[in-house]
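Structural features, examined
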Amino acid sequence: MEKGNRFPPYEEILKIALAGLLHDLGKPISRSPKYRQKYEPYGVYATTHWPHSGQGAYFIEKNKNHFKYFPNIDAIIRLVLSHHAPAWVDEKILQLADW
């Protein structure tokens with residue numbers, strides 16, 4: 001943040017807002033027998049105790065071409081994956097907004 005500027009850059013606000021829209025994308029996937037197996041999280045996506053976080057992040061990763069106009073999609077994926085176990089400030093903001 002620039003000295004004297006109390007607000008974060010627009011890109012940071014947009015990243016958190018987009019992650020807020022997508023953060024529970026895995027919930028309908030985890031409840032659907034048709035899509036649950038297709039988007040079963042593995043590796044880094046299976047590291048949380050909340051399967052919908054991993055399934056949502058994995059869905060975005062597998063369909064990145066549909067999100068090509070989203071700025072910094074990798075950071076959005078990180079936020080979606082970690083919105084129940086935040087380690088960074090932006091993840092904590094998303095978690096608080098989810099409550």
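The present account deals with the structure reproduced in this document. This is a predicted model, so every value here is computed, not measured. (Residues numbered from 1 in each chain as written. Predicted model: local features only at pLDDT ≥ 70, side-chain atom pairs only at ≥ 80, totals over all residues. Heavy atoms only, no water.)

1. A few points about the environment of Glu61
Stated precisely, the cut-off is as follows: Put simply, DSSP H or I for four residues or longer makes a helix, DSSP E for two residues or longer makes a strand, and each gets a number counted from the N terminus.
Here Glu61 lies in helix α4 (residues 51-62). As a C-alpha pair, Glu61 and Asp74 span 13 residues in sequence and 8.1 Å in three-dimensional space.

2. Looking at the pattern of salt bridges
The condition that has to hold: Salt bridges are counted wherever a side-chain nitrogen of Lys or Arg sits within 4 Å of a carboxyl oxygen of Asp or Glu. Relative accessibility decides the category of a residue: with a 1.4 Å probe and only protein chains considered, values under 20% of the type maximum give buried, values over 50% give exposed, and everything between is partly exposed.
For the structure on display, the rule yields seven salt bridges. The residue Glu12 makes a salt bridge to Lys15 at a minimum N-O spacing of 3.1 Å. A residue pair is termed a helical-turn pair when its members lie 3 or 4 positions apart in one helix, as Glu12 and Lys15 do in helix α1 (residues 10-22) at three residues. Judged by its relative accessible area of 32%, Glu12 is partly exposed.

3. Considerations on the side chain of Ser82
By secondary structure assignment, the location of Ser82 is in the loop between α5 (73-81) and α6 (89-98). On the basis of relative accessible area, Ser82 is assigned to the buried category, the value being 12%.

4. Looking at the environment of Lys15
Where we set the bar: A contact between two residues is defined here by any heavy atoms of the two lying within 4.5 Å.
The class for Lys15 is buried, based on a relative accessible area of 5%. Along the backbone, Lys15 and Asp74 are 59 residues apart, and their C-alpha atoms lie at a distance of 10.0 Å. Sequence-distant contacts of Lys15, defined by excluding residues within four places in its chain, comprise Asn72, Ala75, Ile76, Arg78, Leu79 and Asp90.

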